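Take a look at the letters that make up each chain.
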Amino acid sequence: MTTKHFACKADEVPQDMAKIVTVSNMPIGVFRLEDGFHALLNICPHKGAALCEGPVCGTTKQTGATEFVYDRAGEIVRCAWHGWEFDIRSGEFLVDPAVKTRRFDISVEGGDLYVHI
Amino acid sequence: MFIVDCDCHNYWCSATVLEPYMEGLFKDMFIRGERTGPRGAFPHGHRPWFHPEGFARHDVNPVEEGDNYLIMKEKHLDKYNIDVAILTGDEPIEASTLANPYYANALCKAYNDYMIDYWLPKDDRFWGSIVVAPQDPHLAAAEIRRAGGHPRVVQVLVSHGASRPYGDPFYHPIYEACAEMGLPFAMHLGGQGGINSTPIGAGPSTFFWETHAILPQTAMTHMASLIANGVFEKWPSLKVVVIECGVAWVPSVLWRLDANYKALRKETPWLKRLPSEYFKDHFRFSTQPLEQPENIQHLWAALEAMDGENTLMFASDYPHWDYDDVNKLHVPPAWREKIFGLNALDVYTRLPRAAAQAAE
Ligand code: FES
């Protein structure tokens, strides 16, 4: 059973970095992407850093050639400490998707954001 | 548990904090001379690669000089109950990359005075490293004798990037001064580039992460050189601390050194013991960044083979990107007290033992 918790006002979430909130004692990063809002647990599965306080950025696409295709701008958060890259929508670590930080559903009601836990 | 962090970087926002500590010609050079980086950068011959995202953790964002300490206190010292933080500076160890040893020495002196003046009084947990520029060992030795007497200075620090291996007799004036002042000689990863023109044995590597992974190469060379050149026969009290150079490689190099010495001891008749015995008595390694194999037993076997219980000392490398969290250090539980603090008391003899007992 998930319950819905108020997280913050939608306009408090900046474009290029997470808004860090505490919801039911959990540190959570709320992100604004083109397709809407996303929320990840602000604890890195690597060594527990404040993952969501890292930069929101893109990354290079895996290719078979020596080329640098910069991709997915704004869809990746790099952990604040060692820089592991996580997909903001799924919480998955790009090198090994089996490693992930928890993601939460988020809903918008008027100007308010709610996280579903 | 009594925790000594052997590699805690005290940052500045701008190297201009050194201005009040410089005078004469070198002050002019410092204010108006060419620099490699942005305004406020510290002068040095820079390495061939850069961390693509910058060195510092992204949750450490000082705006004003005072923030450097306040953030460290909140996010590191208080959070993890660090009892002792050995300050290791940051940019100043890159003074070793300058060709002009007089300027390099002036920069080191300015840094040491600033560190003693600005950082040490800020927190009882702070103990300092004085930085020297090893390219002129006589100037470095004079600086060790000048600044090394301060009661809260606990080690002499250089970069591991060097223009020749550290056991070379060229450097011996430095060890003479360290032994005289009762200070360990520490080398920290860095200082490649400039006059230290061979960053890695075969020439410059290409990518930052690649280079960072092979950073032990240089430390291997220094370890072998210090032992082979008889530095520890000449200065039996000297301790050498190797910071941020990895550790799991140590047993393999010691095995090779011992085997070769058994066959060819006649090349170095001044040695009286096996290389691995000098190692155990004289070398200490900081843990960070501790290797992270899939199977932790593989790491522990390596640590066992280097007598890690007695030769390792905890370091966080705050606030760098490869920071090690106190609570996530994967060492055998029975060794924790020694690695986290007690081993450091034997190396940094100016640290008060009472502090350790109080923390128990
Ligand atoms: S703690 Fe997040 S990458 Fe290491």
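Residues numbered from 1 in each chain as written. Chains lettered and ligands numbered in written order. Predicted model: local features only at pLDDT ≥ 70, side-chain atom pairs only at ≥ 80, totals over all residues. Heavy atoms only, no water.

### What about the overall build of chain B?
Assigned secondary structure in chain B consists of 14 helices and eight strands. Computed over the C-alpha atoms, the radius of gyration of chain B is 19 Å, within 12% of the 21 Å expected from 2.2 N^0.38 for a compact globule of 360 residues. Oriented by its inertia axes, the alpha-carbon framework of chain B measures out at about 55 × 45 × 40 Å. Across chain B, the fraction of contacts at a sequence separation of at least 24, relative to all contacts at a separation of at least 6, is 82%. Counting only carbon and sulfur atoms, one obtains 54% of the accessible surface of chain B, whose full area is about 14,600 Å². (Helix = DSSP H or I, 4+ residues; strand = E, 2+ residues; numbered from the N terminus. Rg over C-alpha atoms; globule rule 2.2 N^0.38 Å. Contact = heavy atoms within 4.5 Å. Areas by Shrake-Rupley, 256 points an atom, 1.4 Å probe, with all protein chains shown as cover.)

### Looking at the confidence of the model for chain B
When pLDDT is averaged along chain B, the result is 94, and 99% of the positions lie at 70 or above. Here the predicted complex scores 0.92 on pTM and 0.79 on ipTM. (pLDDT = per-residue confidence, 0-100.)

### Looking at the pattern of salt bridges
Applying the stated criterion to the full structure yields 23 salt bridges over all chains. For the salt bridge of Glu143 of chain B with Arg146 of chain B, the shortest nitrogen-to-oxygen distance reads 2.7 Å. Here Arg146 of chain B and Glu143 of chain B lie together in helix α4 (residues 137-147), a separation of three residues that amounts to about one turn. With relative accessibility at 1%, the residue Glu143 of chain B sits in the buried group. In this structure, Arg145 of chain B and Glu180 of chain B form a salt bridge, with 2.9 Å as the shortest nitrogen-oxygen distance. Taken together, the residues Arg145 of chain B in helix α4 and Glu180 of chain B in helix α5 (residues 172-181) connect sequence positions 35 residues apart. The exposure class of Glu180 of chain B is exposed, given its relative accessible area of 52%. Look at the salt bridges and you will find they share partners, linking Asp35, Arg72, Glu75, Asp87 and Arg89 of chain A into a network. (Salt bridge = Lys/Arg side-chain N within 4 Å of Asp/Glu carboxyl O. Buried < 20%, exposed > 50% of the residue type's maximum accessible area, 1.4 Å probe, protein only.)

### Digging into the packing of helix α7 (residues 216-228) of chain B against helix α9 (residues 250-264) of chain B
How two helices sit against one another is set out by the angle between their axes and by the gap between those axes. Residues and elements named next belong to chain B. It is at 11 Å that the axes of α7 and α9 come closest, and there the two elements cross at 35°. Handedness of the crossing formed by α7 with α9: right-handed. For the pair α7 and α9, contact is made by Met220, Met223, Ala224 and Ile227 and by Val250, Val253, Leu254 and Leu257, respectively. Residue composition of the contact of α7 with α9, by class: eight nonpolar, no polar and no charged. (Axes fitted to C-alpha atoms, helices over the stretch in contact; angles between N-to-C directions. Left-handed = near helix turned anticlockwise from the far one by under 90°. Nonpolar A, V, L, I, M, F, W, Y, C, P; charged D, E, K, R; others polar.)

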